[in-house]
Amino acid sequence: MKICTIFYALLLASTATAQTTIEPNLKWGKPTEQELSMTVYEEDKEAPAVVLCQLTNVGYTMDFHNYFVNYDVKTRIKVLTDAGKEYANISIVYIDNAERQYAQEDLEEFKAVAYNLEDGKVKKTKIGMSQVFKERIDDDYVRAKVAIPQVKAGTVIEYEYKLHSNVFYHLYDWEAQKDIPVAYTNYRLEVPTVFIFNVETAGIQQLQSSVTSGTLSYQVSSGNLAKQYKRYTNIYDCTGRNLRALKKDNYVWNVRDYCTKVTAELQSYNFSVNEQRDMRKTWVQVDNTLFDHPDFGSRLYKHSKYRDELLANGIDKIDNMEKKVTATFLFLRQRLAWNGEYELLAKSSSEVIKKGNGSNADLNMMLINMLGDVGVKAYPVLMSTRRHGRLPKTYPSLDKINTFIVGIPNGGSWIYLDASCADGYLNVLPANLNVEQARIIDKGTQGKWVNLQKIGEAKSVRNIKASLTADGQMKGEQTTIYSGNAAANERKAFREASDSTAFMDSKATQNGVNITQYKIEGHHDFSPSVTEVINFTKQGETTDDHIYINPFTALPINSNPFTEKNRLLPVEFPCRNTFNAYVQLTLPDGWQLDEMPKSVNVTTPDKGASGRINYALTGNTITINYQFRINNVCYDHEQYDMLSQLFDLFANRGKDMLVIKKK
């Protein structure tokens, strides 16, 4: 009997969590008085609802050599506020394709009850399968939907369903966490030993886990005779208590990446001594599946519809690789627009050209063809976008890949482009594509993994030269050069502003100044940088003999966003970030510096982030050098306190005032 070693390792590491304030009620159809009367969940007092209990039982049945999977799910939810009423809307997605009877699932039973406590009595509202509405998602999947009636703040909802599946080789992931807290949840999976599954637990909160052995009985009939048989099984049992709500977070790209869950990936099965089948895939097999697909591989090596125009424009004659790639990219962008969709498979170029727009897959496929027309070899770079979620680390999966970009070898380095990106440059990708795990593929070769987070960085260099008047007004010129992702962000902000006046007004607000003159260059260009020049005034506070003024304009840290205590989620930034500012402030005649803030210079132990603010006085001129750098894109929860302290320090020190007094 083979049981996954990873599951055993997690089993040995698991520990009991704190006892919930609500004892789990495992009796269905009988919510307790405590469940009916509770008005707040003590573990999360802001929660609009809480999963009081969820029981998920997944097991196999068989008829001779035909195996079936049965899902039995029971859920009890307490609605605590009006906002929690949305959890009465139940959705169940499953496989339903009449043309593929070998891969079919059936929702065999659904029933629900809403319990309301009215005048000391429990009122029940029941519904069943007749209230379930089904809608088709695509050729393979349908969604069963039902809205449980008579739900309000205070209602206890119970629902249960059974799903029967002949897709014996596929088991749905079990997610213990929800976007509301879970008081108690249990998952029991029983698998015949003829199937070798790689069963893993993952996530930010730990489960109590066990693995035991069992048996599965089945009967084979022949005429009037029936014979009983048994199969040995592995039983995986996982329990979670007091699991936190998995809420959206501004510093996590996809919270589902960190959901506490159990996954089961089939490695092989052995129905008999002479019938063993290995189901494990390699990434090369995934690559080849794509190469064989008519909407991917067969389109890669074609000439583009623009070939004659490209050659007529002499783009193939450009000697410099970066200039040739840039010219080809701009040629495409001038003719076609991105429709806002990320996809993996490309539509025909004729269809895309006719519409005048397409998904990033459509445009990237055409870009690869066009680059080939001008003599540049380009490759698809497969990925799962950040919003879609990370690729699995322990097994290959085509289903998890949802798009690709373009990779171009350039000597000893690579150029990366996405034809959907209107604001970037070479090696400047939108944050959604700035993934740590992307795969460059070429037919007949081993794929190559690349970390695109290493190429992305937002850089800002600011120079402020100003003078201070006796009435406390700081007047000067600020020049900022944005490059990399910072330049892309500026272009996007300018493009999305209603007009140039609105853009300048937002700049004045961001910098806390009055803008007297504004100039920007590179904001419409496909170029490495954007240059901004602001002439400004800024008013300080004054008394008869003192001036108080903060010498900074816009800084990367105005407040500390990391104030959460006991954070379990990591912190994920769009990309690496570097900000440098040099301030030169001349004091008015007859005035002198009375109080100057202390300089600060901090680097985290792992050198993942650093910053400094250095003050100096030469004659009647104060110079300040401000630097802040985020060297990593991701910080795990163990680094959270360090990051929080660093941001808190610089948020406060960025507000320091210079104190100037009359001589």
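What you are looking at is a predicted structure, and each value in this text was computed from that prediction instead of being measured. (Residues numbered from 1 in each chain as written. Predicted model: local features only at pLDDT ≥ 70, side-chain atom pairs only at ≥ 80, totals over all residues. Heavy atoms only, no water.)

When helices and strands are counted, the chain shows eleven helices and 36 strands. With the C-alpha coordinates of the chain rotated into their principal frame, the extents come out at 110 × 75 × 45 Å. Among the 663 residues that make up the chain, the fraction classed as buried is 50%. In the chain, of all internal contacts separated by at least 6 residues, the share reaching a separation of at least 24 is 72%. On the chain, roughly 32,400 Å² of surface is accessible, and the fraction owed to carbon and sulfur atoms is 47%. Positive and negative charge centroids in the chain, built from 78 and 78 side chains respectively, lie 2 Å apart. (Helix = DSSP H or I, 4+ residues; strand = E, 2+ residues; numbered from the N terminus. Buried < 20%, exposed > 50% of the residue type's maximum accessible area, 1.4 Å probe, protein only. Contact = heavy atoms within 4.5 Å. Areas by Shrake-Rupley, 256 points an atom, 1.4 Å probe, with all protein chains shown as cover. Lys, Arg positive; Asp, Glu negative; His and termini not counted. Charge placed at Lys NZ, Arg CZ, Asp CG, Glu CD.)

Applying the stated criterion across every chain yields a total of zero disulfides. Unpaired in terms of disulfides, Cys421 finds its nearest cysteine sulfur in Cys575, a separation of 12 Å. (Disulfide = S-S within 2.5 Å.)

Turning our attention to unusual backbone geometry. A positive phi angle is found at Gln150, which is not glycine, with a value near 60 degrees. Along the polypeptide, Gln150 turns up in the loop between strand S7 (141-147) and strand S8 (156-165). Residue classification places Gln150 among the exposed residues on the basis of a relative accessible area of 52%.

A few words on the pairing of strand S32 (residues 600-603). Where S32 meets strand S33 (residues 609-618), four bridges bridge the pair, whose relative direction is antiparallel. Looking across to S33, one finds that Val602 is bridged to Gly611. Joining the antiparallel neighbours S32 and S33 is a turn of five residues, in which Lys607 adopts a positive phi near 60 degrees. (Pairing = 2+ DSSP bridges.)

Attention shifts here to the nonpolar core. Generally speaking, a soluble globular protein has its nonpolar side chains buried in company with each other. Counting residues in hydrophobic clusters, the biggest one holds 56 residues, and the most contacted among them are Tyr60, Phe110, Ile148, Tyr159, Leu171, Phe195 and Phe197. Looking at which element gives the most residues to this core, the answer is strand S2 (residues 66-79), with six residues. (Core = buried A, V, L, I, M, F, W, Y, C linked by side-chain atoms within 4.5 Å.)

Per-chain confidence: the chain averages 91 in pLDDT, with 94% of residues scoring 70 or above. Scored below 50 in pLDDT, residues 1-20 shows 42 contacts in the model against residues more than four places distant or in partner chains. (pLDDT = per-residue confidence, 0-100.)

The next point concerns the sheet that holds strand S28 (residues 546-549). The four strands are arranged S27-S28-S36-S31 in an open sheet whose pairing can be described as antiparallel. What marks the edges here is a single partner per strand, and that holds for strand S27 (541-542) and strand S31 (591-595). In terms of strand pairing, S31 meets strand S36 (residues 658-662) through four bridges, oriented antiparallel. Each residue of the ladder has a partner; that of Gln592, found in S36, is Lys661.

Read across the sheet, five strands follow the order S20-S19-S18-S21-S22 without closing on themselves; strand pairing throughout is antiparallel. On the outer flanks of this sheet lie strand S20 (413-417) and strand S22 (448-450), each paired with one strand and no other. When the angles between neighbouring strand axes are averaged without regard to direction, this sheet yields 35 degrees. On top of the sheet, helix H6 (residues 321-333) reaches strand S19 (403-410) and S20; it is set at about 150 degrees to S19, its chief contact. In the packing of helix H8 (residues 360-373) onto the sheet, contacts are made with strand S18 (379-383), S19 and S20, and the angle to S19 comes to roughly 25 degrees. (Axes fitted to C-alpha atoms, helices over the stretch in contact; angles between N-to-C directions.)

Another point: the pairing of S19. Where burial is concerned, most of S19 is hidden: six out of the eight residues are buried. Bridge count between S18 and S19: five bridges; the pairing is antiparallel. Each residue of the ladder has a partner; that of Met383, found in S19, is Thr403. Sheet analysis places S19 next to S20, joined by five bridges and oriented antiparallel. Note that in S20 the partner of Gly407 across the bridge is Tyr416.

Okay, the pattern of salt bridges next. What the rule picks out here adds up to 32 salt bridges. With a closest N to O distance of 2.7 Å, Glu490 and Lys507 form a salt bridge. Taken together, the residues span a long stretch of sequence, with Glu490 in helix H9 (residues 485-496) and Lys507 in helix H10 (residues 500-511) at a distance of 17 residues. Both residues of the pair, Glu490 and Lys507, count as buried. Where salt bridges share partners, they join Asp257, Arg390, Glu436 and Glu572 into one cluster. (Salt bridge = Lys/Arg side-chain N within 4 Å of Asp/Glu carboxyl O.)

Quick look at the packing of H6 against H8 now. At a minimum axis distance of 10 Å, the contact between H6 and H8 shows a crossing angle of 135 degrees. By the criterion of interaxial angle, the relationship of H6 to H8 is oblique. Here the hand of the crossing between H6 and H8 comes out right-handed. Along the contact surface, H6 presents Val325, Thr328, Phe329, Phe331, Leu332 and Arg333, while H8 presents Leu363, Met366, Leu367, Met370 and Leu371. (Parallel < 35°, antiparallel > 145°, perpendicular 65-115°, else oblique. Left-handed = near helix turned anticlockwise from the far one by under 90°.)

This part covers the packing of aromatic side chains. Inspection of every chain in the model, using the stated rule, returns 33 aromatic pairs. Ring plane angle 85 degrees and centroid distance 5.2 Å describe the contact between Phe168 and Tyr169, whose orientation is recorded as edge-to-face. Under the relative-accessibility criterion, Tyr169 is labelled partly exposed at 31%. Judged by centre distance (6.3 Å) and plane angle (55 degrees), the rings of Phe195 and Phe197 are tilted. Aromatic rings pair up to connect Tyr251, Phe552, Phe562, Phe573, Phe579, Tyr626, Phe628, Tyr635, Tyr640, Phe647 and Phe650 into one cluster. (Phe/Tyr/Trp six-rings, centres within 6.5 Å; stacked < 30°, edge-to-face > 60°.)

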